[in-house]
Amino acid sequence: MSAAPAPPTAPPKPTWDPKQLEPPYPWLRPTIRIRLTLLYGGMFLIAGILLLSIIYMLAAQALHVGSELPFKIVSGQVSSDVCNLSGEGSSPSAVNAAMNSCVNHQRQQALDTLLNRSLLALVGLSVIAFAFGYAMAGRVLSPLGRITRTARQVAGTDLSRRIELDGPDDELKELADTFDDMLDRLERAFTAQQRFVGNASHELRTPLAINRTLLEVHLSDPQAPPELQQLGKTLLATNERSEQLVEGLLLLARSDNQIIERKPVDLAEVASRALDQTRGEAEEKGVEFRGEIVPAVVQGNGVLLERIALNLVQNAVRYNVPEEGWVEVTTELQPGQAVLVVSNTGPVVPAYEIDNLFEPFRRLRTERTGSDKGVGLGLSIARSVARAHGGRIIAEPREGGGLVMRVTLPV
């Protein structure tokens, strides 16, 4: 009988620590706390030395002035240009009292002079200290300004910029390096997302286009039975709906990012194109177009901005009253911003359901797409495009039914 094989041994544990090695003397690291401590302590020490030196010189000068005798003896007579010794001949006690008063007066003048000059020196040192402190604080905090400027450039343009802060290995450099690492990860994530959107665009559009072509070929056969014709039309409508859904999802994924290339776009022209594209559908439903369109030029992508206007106008036409409905489209230019407003008649919309309308695949009182009015991405796309342009879109219930959609974009 053979012996049972020995159980496998566990692999040896690694002998190295993957953690980052710490310096041998971490308390010697030139941190911001140590640098600020040395800076403010040195400034206080320098200011104290200067103040003591100035006070010493002023005190020496005051004592020199105060030590001079305010009187002198000439031929046995006491005379003074400062003190009033007119009654010295009458009594020695009167002369002593007069000289004592004169000396006290001279001492008081010296103290007053010292106080006034000390206050002037303190004011001058305070101004110098504040100016020097402001300059040194700006020098210490300059890396933060660089980090802030880089963050704004990244938010406004692209993710390829880096801080690359040089200098001592302190907290600010650690923050800048962490921010650069975060930007690297974000850039890789956005690049992967764009690559996925491009691949998904090709992989999803191709089979849908093939299905549409095959269905159209079979529907063009005059010998096909009516049942097959009806099934083909149903499948063709389903395929068209899937194509719209795919296009909406891809557009929603692309419009979530900031618009890098911007060109002048007139909202009046964008709104006019949207009205022309939906005019036929509005005439079928008996919806009247109204409103005043004035030029309002913004910087952005014309195709995406046209999609905002088209989605809002289409929703206003499709979700309207059966009779005597209208859609009002206006554009206006305000200080620092351009506004596109689309309002319509329609069913009463509760205020607590406004936010749900901007969620993908959400409609009023429904959560999934289940009608032929669209795929449930129109307002989501409009909000994403507005955010990508640095603007916003607000929906408000209109008194009497319907909605008022207000798009605000920076000029």
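Quantities reported herein were computed from a predicted structural model and do not represent experimental measurements.

Most of strand E7 (residues 337-344) sits inside the fold, with seven of its eight residues counted as buried. Where strand E6 (residues 325-334) and E7 come together, eight bridges link them in antiparallel fashion. From the neighbouring strand, leucine 333 faces E7, where its bridge partner is alanine 338. In sequence, E6 turns back onto E7 through a hairpin of two residues, with glycine 336 there showing a positive phi of about 85°. As judged from the seven bridges shared by E7 and strand E9 (residues 403-410), these two strands associate in the antiparallel manner.

With that settled, consider the packing of helix H5 (residues 267-285) against helix H6 (residues 302-318). Packing of H5 against H6 leaves a shortest axis separation of 8 Å and a crossing angle of 20°. Of the possible angle classes, the one that applies to H5 and H6 is roughly parallel. In the packing of H5 onto H6, the handedness of the crossing is right-handed. Residue-level inspection shows Val270, Ala271, Arg273, Ala274, Leu275, Gln277, Thr278, Glu281, Ala282 and Lys285 of H5 in contact with H6, the latter providing Leu305, Glu306, Ala309, Leu310, Val313, Gln314, Val317 and Arg318. Classifying every residue of the contact of H5 with H6 gives 10 nonpolar, three polar and five charged.

On the UniProt side, "transmembrane region" (unreviewed entry) is annotated at positions that read residues 38-59 and 119-137 here. For residues 38-59, helix accounts for 100% and strand for 0%, while the C-alpha atoms at its two ends are 31 Å apart. As annotated, residues 119-137 has a helix share of 100% and a strand share of 0%, and its two end C-alpha atoms lie 26 Å apart.

Parameters and conventions
Residues numbered from 1 in each chain as written. Predicted model: local features only at pLDDT ≥ 70, side-chain atom pairs only at ≥ 80, totals over all residues. Heavy atoms only, no water. Buried < 20%, exposed > 50% of the residue type's maximum accessible area, 1.4 Å probe, protein only. Helix = DSSP H or I, 4+ residues; strand = E, 2+ residues; numbered from the N terminus. Pairing = 2+ DSSP bridges. Axes fitted to C-alpha atoms, helices over the stretch in contact; angles between N-to-C directions. Parallel < 35°, antiparallel > 145°, perpendicular 65-115°, else oblique. Left-handed = near helix turned anticlockwise from the far one by under 90°. Contact = heavy atoms within 4.5 Å. Nonpolar A, V, L, I, M, F, W, Y, C, P; charged D, E, K, R; others polar. UniProt positions renumbered as here; feature names shortened; annotations may be inferred.

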